[in-house]
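The residues making up each chain are set out below.
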Amino acid sequence: MSSPSRRRVPLDTPERLAEVLTAALDVVAEVGYERFNMDLVAQRAHVSKGSLYQRWPSKAHLIVAAMDANRVEVQAPDTGSYLGDVRELAKRWLRTEAPGDRRGLLLALLEGSRRDPELARLMGEQLGQGGISPMSVVLDAAKARDELPPGVDLELLGELPMSLAITTLLFRDQPLNDALVDRIVDGLLAPLLGQRDHSQ
């Protein structure tokens, strides 16, 4: 007879569902998208493989559901300056991000999106929704305060901090932390825009 801790428990409560979705993210971060399968999640979360397939018809559906469930909405700050807002927004994001192997998860998603059209489609459909991004709010406030130089590409400026963070994580395997946020704000954005963060 199986011990209580190893018994296959059905997905009939929000707590159990959350455990399974967290297990799915942990597994895909560890083994990558190609090696990820329902058996590994079933073993990790102590749930039957049949229960997984009843709710999610494919591993792509399970992974996207897990990402969506673990996504945390971050509110745009209002520090009174563009640089202060970017700094605070980035640090809020770091504080609210679920712990785990961020680099492994990102690599798995990049690999999976290239190899599996279903994963790419689901990510675009389900994770690409969500209204106005907090960075857009920050940029609109900065534009209203006349803090940004004329002709600056707002879309690229908004993507720059996250793109640098992803590059640091993927290609240098360095942690995403407050020190990196400060480097991006003080060492790049401030000189680029000819500004200083007077809130510091």
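In this report, the structure presented in the accompanying data block is examined. (Residues numbered from 1 in each chain as written. Predicted model: local features only at pLDDT ≥ 70, side-chain atom pairs only at ≥ 80, totals over all residues. Heavy atoms only, no water.)

## Regarding the overall build of the protein chain
Thought 1: In terms of helices and strands, the protein chain carries ten helices and zero strands.
Thought 2: Counting from the amino terminus, the protein chain carries its helices and strands in the arrangement α-α-α-α-α-α-α-α-α-α.
Thought 3: With 200 residues in all, the protein chain has 36% of them scored as buried.
Thought 4: The contacts in the protein chain between residues at least 6 apart in sequence include a share of 69% that link residues at least 24 apart.
Thought 5: In the form shown here, the protein chain has an accessible surface area of approximately 11600 Å², with 53% of it arising from carbon and sulfur atoms. (Helix = DSSP H or I, 4+ residues; strand = E, 2+ residues; numbered from the N terminus. Buried < 20%, exposed > 50% of the residue type's maximum accessible area, 1.4 Å probe, protein only. Contact = heavy atoms within 4.5 Å. Areas by Shrake-Rupley, 256 points an atom, 1.4 Å probe, with all protein chains shown as cover.)

## Details of the pattern of salt bridges
Thought 1: In this structure the tally under the stated criterion is 13 salt bridges.
Thought 2: Where D182 meets R87, a salt bridge forms, and the shortest distance between an N and an O atom there is 2.7 Å. Remark: R87 occurs in helix α5 (residues 82-96) and D182 occurs in helix α10 (residues 178-193); sequence separation between them is 95 residues.
Thought 3: D182 gets classed as partly exposed once you look at its relative accessible area, which sits at 25%.
Thought 4: One connected set of salt bridges, linked through shared partners, spans D78, D85, R145 and E147. (Salt bridge = Lys/Arg side-chain N within 4 Å of Asp/Glu carboxyl O.)

## Things to note about the packing of helix α4 (residues 59-69) against helix α7 (residues 117-127)
Between two packed helices, the angle of one axis relative to the other and the distance separating the axes together describe the packing.
Thought 1: Put simply, α4 and α7 touch, their axes get as near as 9 Å, and they point 30 degrees apart. Taken together, the axis directions place α4 and α7 in an arrangement best described as roughly parallel. Read as a crossing pair, α4 and α7 show a hand that is right-handed. Seen from α4, the contacting residues are A60, H61, V64, M67 and D68; seen from α7, they are E118, L119, L122, M123, Q126 and L127. (Axes fitted to C-alpha atoms, helices over the stretch in contact; angles between N-to-C directions. Parallel < 35°, antiparallel > 145°, perpendicular 65-115°, else oblique. Left-handed = near helix turned anticlockwise from the far one by under 90°.)

## Brief notes about the environment of R95
Thought 1: On the secondary structure map, R95 appears in helix α5.
Thought 2: In terms of polar contacts, R95 uses its side chain to reach the side chain of E88, at 3.1 Å. (Polar contact = N/O pair within 3.5 Å; in protein donor to acceptor, adjacent residues only side chain to side chain.)

## Notes on helix α1 (residues 14-31)
Thought 1: The first and last C-alpha atoms of α1 sit 26 Å apart over 18 residues, in line with the 26 Å expected at 1.5 Å per residue.
Thought 2: Residues of α1 that are buried: R16, V20, L21, A23, A24, L25, V27, V28 and A29.
Thought 3: Of the residues flanking the end of α1, it is G32, one or two places downstream, whose phi is positive at about 85 degrees. (Expected span 1.5 Å × (residues − 1).)

## Observations regarding the side chain of R16
Thought 1: Along the polypeptide, R16 turns up in helix α1.
Thought 2: By relative accessible area, which is 11% here, R16 ends up buried.
Thought 3: Separated by 2.9 Å, the side chain of R16 and the backbone oxygen of A45 make a polar contact.
Thought 4: Within the structure, the side chain of R16 is placed 3.3 Å from the backbone oxygen of H46, a separation counted as a polar contact.

## A look at the environment of M38
Thought 1: Within the element layout of this structure, M38 appears in helix α2 (residues 38-45).
Thought 2: The spacing of M38 and W56 is 18 residues in sequence and 9.8 Å in space, taken between C-alpha atoms.
Thought 3: Leaving out residues up to four positions away in the same chain, M38 has contacts with K49, L52, Y53, W56, S58, K59 and L62.

## Structural notes on the side chain of E147
Thought 1: Within the element layout of this structure, E147 appears in the loop between α8 (134-144) and α9 (154-171).
Thought 2: For E147, a relative accessible area of 18% translates into the label buried.

## Here's the deal with the nonpolar core
Thought 1: Counting residues in hydrophobic clusters, the biggest one holds 29 residues, and the most contacted among them are V20, F36, L52, W56 and L62.
Thought 2: Here this core takes seven residues from α1, the largest share from any one element.
Thought 3: Core analysis: the next-biggest nonpolar cluster, separate from the first, contains 22 residues, L89, M135, A142 and L180 among them. (Core = buried A, V, L, I, M, F, W, Y, C linked by side-chain atoms within 4.5 Å.)

## Examining α8
Thought 1: Looking at α8, one finds that the buried residues are M135, V138, L139 and A142. What you see down the axis of α8 is that its buried residues fit within an arc of 95 degrees, all on one side.
Thought 2: Check the buried side of α8 and you find it contacts α5 and α9.
Thought 3: Following α8 by one or two positions, D146 has its phi on the positive side, about 60 degrees. (Arc of directions from axis to C-beta.)

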